[in-house]
Amino acid sequence: MTTTETLQTRLLHELEPVVAANVDRHLGLAKDWQPQDYVPWSRGRDFAFLGGEDWAPEQSSLDPVAQTALIVNLLTEDNLPSYHREIATRFGRDGAWGQWVGRWTAEEGRHAIAIRDYLVVTRGVDPVKLEALRMEHMTAGYDSGDKTMLQAIAYVSFQELATRVSHRNTGRAAGEPLAEQLLARISTDENLHMVFYRNLLAAAFDVAPDETMQAVRDEVVGFAMPGAGMTDFLRNSVTIAKAGIYDLRLHHDEVVAPILKFWRVFERTDLGPAGEAARAELATFMAGLDAQAARFVEQRERSRARAAARA
C-alpha cells in the first residue's frame, strides 16, 4: 500500500465520527417532499403511440435557453448510477459512510424523477430527443479518474454548490412558477449536500492540512461539471453563461470563493511547505479566474448593448 493509500485509509476511519454526526445533522434538516406534487398532471396527454399527438416545438412554453438549461440539468442528474459508483468506491458501503452514500443517492434520484416528469407532462422539451440524449449520456457514464478520497470530497463540495446555483437560476429563467418551485426545492437539497461535504473537508483540514490543501488546489484548478462529457456541452454552457444562469462570475463569487472562505484557506497557519505551495498556486489561479470572469461579464454586457441597439 502506498503512502497516499495509507493516508486515505486512515482518514476514512478518523473522519467516520464526523460523517456520523453530519448524517444525523442532515437527516434532522432534510425535509421529505413528493416529486409528484410538482408535476401538473392535468396538463398531460397521450403521445401518438397511444393514439394521441407527438411533441411539436410550439407545445413548449419554455424559451430555447430554458429548454437547454433544463436538459443539461436533467442529464447531469440522470447519471446517478455512475456517481453512486464513484462515491461508494471511495467512501465504502459500511457504517456512517455507507449510510450517507445510500441516503445521498436516494435524494439525488428524486431530482431526476421530478424534472423528467415535469418536462414530459408539460411537453417542455422534445421527449424523443431527451431520451436519445439520456441513453447516450448514461451509456458513456461518468468517470472522475483516480481521484483520492480527499480530492473526491473537495470536488463534490464545489460541484454540489455549483449544481444548486444552476438549478436555482434555471428555475428563475424558466418563466413558469411551478418549474421555479420545483428547482428551488431541488436547490435546497443540493445545498444540504454541499454542507455535508464541506463540513467533512473542514475536519480533514484539521487532521491532514497539507494533503487537504493539495486536494483543494487540484479540484479548484481542474474543476469541470460532471456533465462535461455530454453532447454539445460546451455550446450549451456558452448559452447558459450568456443568459447568466451559470457563468465564470457566479462560479468564482457564489461557488468557489465562499467555500474557500469557510475552510479559512488563506488564513490557515498549520501548513507545511507542500501545503503552502499548494495554497500559493490556488491564490494565483483564483486571481486569474476573477480576471477572466470580469472580462466575460464585460463582453456579455457589450453584446447585450449591441443587441438592444439593433432591436
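Look a little higher up for the structure.
Residues numbered from 1 in each chain as written. Predicted model: local features only at pLDDT ≥ 70, side-chain atom pairs only at ≥ 80, totals over all residues. Heavy atoms only, no water.

### Thoughts on the packing of helix α3 (residues 64–78) against helix α7 (residues 149–174)
Part 1 of the argument: As a packed pair, α3 and α7 sit with axes 9 Å apart at the nearest point and diverge in direction by 145°. Regarding α3 and α7, the two cross each other, and that crossing is left-handed. Contacts between α3 and α7 pair Ala-66, Ala-69, Leu-70, Asn-73 and Glu-77 from the former with Thr-163, Ser-166, His-167, Thr-170, Ala-173 and Ala-174 from the latter.
Part 2 of the argument: Split by residue class, the contact of α3 with α7 holds 5 nonpolar, 5 polar and 1 charged. (Axes fitted to C-alpha atoms, helices over the stretch in contact; angles between N-to-C directions. Helix = DSSP H or I, 4+ residues; strand = E, 2+ residues; numbered from the N terminus. Left-handed = near helix turned anticlockwise from the far one by under 90°. Contact = heavy atoms within 4.5 Å. Nonpolar A, V, L, I, M, F, W, Y, C, P; charged D, E, K, R; others polar.)

### So, α3
Part 1 of the argument: Here α3 is 15 residues long and its end C-alpha atoms lie 21 Å apart, about the 21 Å a rise of 1.5 Å per residue gives.
Part 2 of the argument: A large share of α3 lies buried, amounting to 13 of its 15 residues.
Part 3 of the argument: Of the residues that open α3, the one with a side-chain oxygen 3.0 Å from the backbone nitrogen of Val-65 is Asp-63. (Expected span 1.5 Å × (residues − 1). Buried < 20%, exposed > 50% of the residue type's maximum accessible area, 1.4 Å probe, protein only. Polar contact = N/O pair within 3.5 Å; in protein donor to acceptor, adjacent residues only side chain to side chain.)

### What to know about the side chain of Thr-68
Part 1 of the argument: Summarising the element assignment, Thr-68 is placed in helix α3.
Part 2 of the argument: Note on Thr-68: relative accessible area 19%, which makes it buried.

### As for the side chain of Glu-160
Part 1 of the argument: Within the fold, Glu-160 resides in helix α7.
Part 2 of the argument: Arg-164 provides the closest opposite charge to the buried, salt-bridge-free Glu-160, at an N-O distance of 10 Å. (Lys, Arg positive; Asp, Glu negative; His and termini not counted. Salt bridge = Lys/Arg side-chain N within 4 Å of Asp/Glu carboxyl O.)

### A look at the environment of Asn-169
Part 1 of the argument: For Asn-169, the position within the fold is in helix α7.
Part 2 of the argument: For Asn-169, a relative accessible area of 9% puts it in the buried group.
Part 3 of the argument: For the pair Asn-169 and Phe-49, spaced 120 residues apart in the sequence, the C-alpha separation amounts to 35 Å.
Part 4 of the argument: The residues touching Asn-169, leaving out its near neighbours within four places in the chain, are Gly-244, Ile-245 and Leu-250.
Part 5 of the argument: In terms of polar contacts, Asn-169 uses its side chain to reach the backbone carbonyl oxygen of Ile-245, at 3.0 Å.

### Brief notes about unusual backbone geometry
What is expected of a backbone is that most residues other than glycine have negative phi and most peptide bonds are trans.
Part 1 of the argument: A positive phi is found at Arg-123, a non-glycine position, where the angle reads about 55°.
Part 2 of the argument: The topology assignment puts Arg-123 in the loop between α5 (95–122) and α6 (127–140).
Part 3 of the argument: You can call Arg-123 buried: its relative accessible area is 2%.
Part 4 of the argument: Of note in this structure, Asp-232 is not a glycine but carries a positive phi near 60°.
Part 5 of the argument: With respect to the helices, strands and loops of the structure, Asp-232 is situated in the loop between α9 (209–221) and α10 (233–242).

### A short note on the pattern of salt bridges
Pairing between side chains of opposite charge can happen when the charged atoms of each approach one another.
Part 1 of the argument: Applying the stated criterion across every chain, the model contains 21 salt bridges.
Part 2 of the argument: A salt bridge links Glu-107 to Arg-103; its shortest N-O distance comes to 2.5 Å. Placement of the pair is Glu-107 and Arg-103 together in helix α5, with a separation of 4 residues, close to one helical turn.
Part 3 of the argument: Looking at Arg-103, the relative accessible area reads 26%, which means it is partly exposed.
Part 4 of the argument: Its salt-bridge partner being Arg-268, residue Asp-270 comes within 2.9 Å of it at the nearest N-O pair.
Part 5 of the argument: For Arg-268, a relative accessible area of 6% corresponds to the buried category.
Part 6 of the argument: When salt bridges with common partners are traced through the structure, they connect Asp-32, Arg-103 and Glu-107 into a single cluster.

### Structural notes on helix α12 (residues 273–310)
Part 1 of the argument: For α12, spanning 38 residues, the distance from its first C-alpha to its last is 56 Å, which sits close to the expected 56 Å at 1.5 Å a residue.
Part 2 of the argument: The set of residues buried in α12 consists of Gly-275, Ala-278, Arg-279, Leu-282, Met-286, Leu-289, Ala-293, Phe-296 and Arg-300.
Part 3 of the argument: Close packing links the buried residues of α12 with α9, α10 and α11 (248–262).

### Quick look at the nonpolar core
Part 1 of the argument: Formed by 81 residues in total, the largest nonpolar core has its most connected members in Phe-158, Tyr-197, Leu-201, Val-216, Leu-260 and Trp-263.
Part 2 of the argument: Ranked by residues supplied to this core, first place goes to helix α8 (residues 177–207) with 13 residues.
Part 3 of the argument: If we ignore the near neighbours within four places in the chain, the residues touching Leu-260 are Phe-158, Val-216, Val-220, Val-265, Phe-266, Leu-282 and Met-286. (Core = buried A, V, L, I, M, F, W, Y, C linked by side-chain atoms within 4.5 Å.)

### Observations regarding the environment of Asp-24
Part 1 of the argument: Checked against the element boundaries, Asp-24 lands in helix α2 (residues 16–29).
Part 2 of the argument: A relative accessible area of 53% means that Asp-24 is categorised as exposed.
Part 3 of the argument: For the pair Asp-24 and Ala-96, spaced 72 residues apart in the sequence, the C-alpha separation amounts to 9.6 Å.

### Things to note about the packing of α7 against α8
Part 1 of the argument: Closest axis-to-axis distance for the α7/α8 pair is 8 Å, and the angle between their directions is 160°. Taken together, α7 and α8 sit at an angle that is classed as roughly antiparallel. Our pair here, α7 against α8, has a crossing hand that is left-handed.
Part 2 of the argument: Looking at side-chain class alone, the contact of α7 with α8 contains 14 nonpolar, 8 polar and 7 charged residues. (Parallel < 35°, antiparallel > 145°, perpendicular 65-115°, else oblique.)

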